[in-house]
Amino acid sequence: MKQWQCTVCGWVYDEAQGEPEHGIAPGTRWEDVPDDFICPACGISKTAFVMVEF
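These numbers come from a predicted model, not from an experiment. Along each chain, the written sequence defines residue order, and numbers are assigned to residues from 1. For a predicted model such as this one, the threshold for reporting local features is a pLDDT of at least 70, and the threshold for listing and counting side-chain atom pairs is 80 or more; totals across whole chains, interfaces and linings nevertheless cover every residue. Processing note: side-chain calculations cover all non-hydrogen atoms of the structure and skip hydrogens and water entirely.

Points about the sheet that holds strand S1 (residues 3-6)
- Taken together, three strands build an open sheet; the order of strands is S2-S1-S3 and the sheet is antiparallel. Strands at the two margins of the open sheet, each flanked by one partner only, are strand S2 (12-14) and strand S3 (49-52). In this sheet, neighbouring strand axes are inclined to one another by 30 degrees on average, regardless of whether the strands run parallel or antiparallel.
- Sheet topology note: the S1/S3 ladder contains four bridges and is antiparallel. Should DSSP find at least two bridges between two strands, the strands are taken to pair. Labels follow the DSSP assignment, with helices taken as runs of H or I lasting at least four residues and strands as runs of E lasting at least two, numbered in each case from the N terminus. To define axes, lines are fitted to C-alpha atoms, for helices over the stretch in contact only, and angles between the resulting N-to-C directions are given on a 0 to 180 degree scale.

Below you can see the structure in the form of structure tokens.
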């Protein structure tokens, strides 16, 4: 599982945790997140996210 960070605000999407409050189940890979996903913190589009290694 990978993590993806918003390049605008720094919010992190963790594939293992998903984003259940927005209908994305735990274990959902980033490529399976809908293209119309927006950052819950700042509202920027999915295209502004980059994979990060922690």
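So, the pattern of salt bridges
- Each reported salt bridge corresponds to a side-chain nitrogen of Lys or Arg within 4 Å of a carboxyl oxygen of Asp or Glu. Applying the stated criterion to the full structure yields two salt bridges.
- Between Lys46 and Asp35 there is a salt bridge whose closest N-O contact spans 3.8 Å. Here the residue Lys46 occupies a position in the loop between S2 and S3, and Asp35 occupies one in the loop between S2 and S3, the gap between them amounting to eleven residues.
- Throughout, exposure labels follow a simple rule: accessible area from a 1.4 Å probe, protein chains only, divided by the maximum for the residue type, with under 20% read as buried, over 50% as exposed, and the rest as partly exposed. For Lys46, a relative accessible area of 11% puts it in the buried group.

As for the nonpolar core
- Side-chain atoms within 4.5 Å are what join buried Ala, Val, Leu, Ile, Met, Phe, Trp, Tyr and Cys residues into a set we call a nonpolar core. Among the nonpolar cores identified, the biggest contains nine residues, and these are Trp4, Cys6, Tyr13, Ile24, Trp30, Val33, Phe37, Cys39 and Phe49.
- Beyond its immediate chain neighbours, meaning those up to four positions away, Ile24 contacts Tyr13, Gly18, Glu19, Val33, Pro34 and Phe37. The contact definition used throughout considers only heavy atoms, calling two residues in contact when any of these lie within 4.5 Å.

Overview of the pairing of S1
- Alternating residues of S1 divide into Trp4 and Cys6, all buried, and Gln3 and Gln5, none buried.
- The sheet contact formed by S1 and S2 spans three bridges and is antiparallel. Paired with Trp4 across the strands is Tyr13, a residue of S2.
- If you look at the hairpin formed by S1 and S2, you'll find five residues sitting between the two strands, and Gly10 has a positive phi there, around 90 degrees.

What to know about the packing of aromatic side chains
- For Phe, Tyr and Trp, rings pair up if their centres lie within 6.5 Å, where Trp contributes its six-membered ring, and each pair is then called stacked (planes under 30 degrees apart), edge-to-face (over 60) or tilted (otherwise). Scanning the model with the defined rule gives eight aromatic pairs in all.
- On the basis of an interplanar angle of 35 degrees and a centroid distance of 6.3 Å, the ring pair of Trp11 and Phe37 is categorised as tilted. Of the two residues, Trp11 sits in the loop between S1 and S2 while Phe37 sits in the loop between S2 and S3, which places them 26 residues apart along the sequence.
- A network of ring pairs unites the aromatic residues Trp4, Trp11, Tyr13, Trp30, Phe37 and Phe49 as a single cluster.
- The side chain of Lys46 reaches across the aromatic face of Trp30, ending 5.1 Å from its centre. We call a charge positioned above a ring when the Lys NZ or Arg CZ atom is no farther than 6 Å from the ring centre and deviates by at most 35 degrees from the ring normal.

Function-wise, these values are silent; they only describe arrangement.
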